[in-house]
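Structural features, examined
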Amino acid sequence: MDIFVQQLINGLVLGSVYALVALGYTMVYGILELINFAHGEVTMIGAMVALSVISALVGSGVELPGVVIALLGLLAAIPACMALGFTIERLAYRPLRNAPRLAPLITAIGVSIVLQNLAMLIWGRQYISFPPILPQGRHQLLGASITDVQIVILITSVVLMLGLTILVKRTRLGRAMRATAQSPQIAGLMGVNANTVISLTFVMGSALAAVAGVMVSAYYGLAHYYMGFLLGLKAFSAAVLGGIGNLAGAMLGGLLLGVIESLGAGYIGDFTGGFLGSNYQDVFAFFVLILVLVFRPSGLLGERVGERA
């Protein structure tokens, strides 16, 4: 039971990060019906920018608490990723908005590769370590251990997900986003600037990606120019698992994928008699994803993307 609770906690922490990244995929798809495959690299850029700022502050010997230094790194990463998301939408996707579906898809893959190589040129191929500046306290919960970093990740993720839900459901911008998702042309007739709404959608998704990137680098203590590829793939899978285009589905899919992956890592050795190790944990997650898509192609919560006029 102790092992189960521990793996469940680890899975919820990891799944909350997947959910934040998956929200970026599902918001863009809900409005444009476009899979932004460069979103994982935006997450990576956020982690790299934050680590650069944190390392510079630590190297300068500035007398600040570790939490404040990490927060300053996050505050630098968020606007950087927001600007990057806006630029990607404006330069790479907007000119192809009326093009055949295949064109923006290929462009998204190309943008992803470009960002990976730019990050490699700027930060190099080596792994970048997260300085040991955050509290390392541990707390016991039902026989399992949860760290201060895990608690912060969980609380921050819940707050951000609730905030985004309220924004989409209760605010004027949220109504504009939902109207644009239904029909950009009709929304335009009602006074909604579809281009502005789409740009803001990319900006908000990129801000969430920046937070997720800092969370991942703080959790694992490392960042790498290639880290966004697998993270983005898993987050996209989480969005599909929950129901692409559905905010609640992205959150549910992310949490489920994280829990399945963590439990798989903890028990895969027992299930296979020691033949497979924890490095095969992704097998369980994607196996469950395949099963869900076979029996419920629209995802667990279905798809709420309206038919375009």
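Conventions and cut-offs
Residues numbered from 1 in each chain as written. Predicted model: local features only at pLDDT ≥ 70, side-chain atom pairs only at ≥ 80, totals over all residues. Heavy atoms only, no water. Patch = residues over 30% accessible without salt bridge, like charges linked within 9 Å, V, L, I, M, F, W, Y side chains within 5 Å. Areas by Shrake-Rupley, 256 points an atom, 1.4 Å probe, with all protein chains shown as cover. Salt bridge = Lys/Arg side-chain N within 4 Å of Asp/Glu carboxyl O. Helix = DSSP H or I, 4+ residues; strand = E, 2+ residues; numbered from the N terminus. Buried < 20%, exposed > 50% of the residue type's maximum accessible area, 1.4 Å probe, protein only. 1 Å grid on protein atoms, 1.4 Å probe; cavity = no way out; pocket = protein on both sides within 12 Å on 5 of 7 lines; lining within 4 Å. Points joined across faces, edges and corners; volume = space filled by probe spheres on them. Nonpolar A, V, L, I, M, F, W, Y, C, P; charged D, E, K, R; others polar. Contact = heavy atoms within 4.5 Å. Phe/Tyr/Trp six-rings, centres within 6.5 Å; stacked < 30°, edge-to-face > 60°. Pairing = 2+ DSSP bridges.

On to a nonpolar patch on the surface, then. Nonpolar side chains collect at one region of the surface, where Val62, Leu64, Val68, Leu71, Leu72 and Leu75 lie side by side and expose about 440 Å² of accessible area between them. Residue position: valine 62 is located in the loop between α2 (39–59) and α3 (66–93). On the accessibility criterion, valine 62 (33% relative accessible area) is partly exposed.

In this section: empty space enclosed by the protein. Summed over all chains, the structure comprises 1 cavity of 30 Å³ or more. In terms of lining residues, the largest cavity is bounded by Gly24, Val28, Asn36, His39, Thr201, Phe202, Gly205 and Ser206. For the lining of the largest cavity, the elements supplying multiple residues, two or more each, are α1 (2–32) and α8 (194–220). Per-element accounting of the lining of the largest cavity gives the leading share, 4 residues, to α8. A class-by-class count of the residues in the lining of the largest cavity yields 2 nonpolar, 6 polar and no charged.

Take the environment of methionine 82 next. Note on placement: methionine 82 falls in helix α3. Remark: the alpha-carbon pair of methionine 82 and valine 203, spanning 121 residues in sequence, is separated by 4.7 Å. If we ignore the near neighbours within four places in the chain, the residues touching methionine 82 are Val203, Ser206 and Ala207.

Looking now at the environment of alanine 218. With respect to the secondary-structure elements, alanine 218 resides in helix α8. Taking the C-alpha atoms as reference points, alanine 218 and serine 129, 89 residues apart in sequence, are found 9.1 Å from one another. Not counting residues within four places of it along the chain, the set of residues in contact with alanine 218 comprises Phe130, Leu134 and Val149.

So, on to the packing of aromatic side chains. Tallying each qualifying case throughout the model produces 6 aromatic pairs. Ring centres 5.6 Å apart and planes at 65° place the aromatic pair phenylalanine 37 and phenylalanine 236 in the edge-to-face group. Of this pair, phenylalanine 37 sits in the loop between α1 and α2 while phenylalanine 236 is found in helix α9 (residues 227–242), placing the two residues 199 residues apart along the sequence. Phenylalanine 37 gets classed as partly exposed once you look at its relative accessible area, which sits at 28%.

Another aspect to go through is unusual backbone geometry. You will see that glutamate 33, though not glycine, has its phi angle at about 55°, which is positive. Within the secondary structure, glutamate 33 is located in the loop between α1 and α2.

With that out of the way, let us pick up the pairing of strand β2 (residues 138–141). Relative to strand β3 (residues 144–147), β2 is paired through 4 bridges, and the arrangement is antiparallel. Within β3, the residue paired with glutamine 140 across the bridge is serine 145. Between β2 and β3, which pair antiparallel one after the other, the connecting turn spans 2 residues, and leucine 142 there sits at a positive phi close to 55°.

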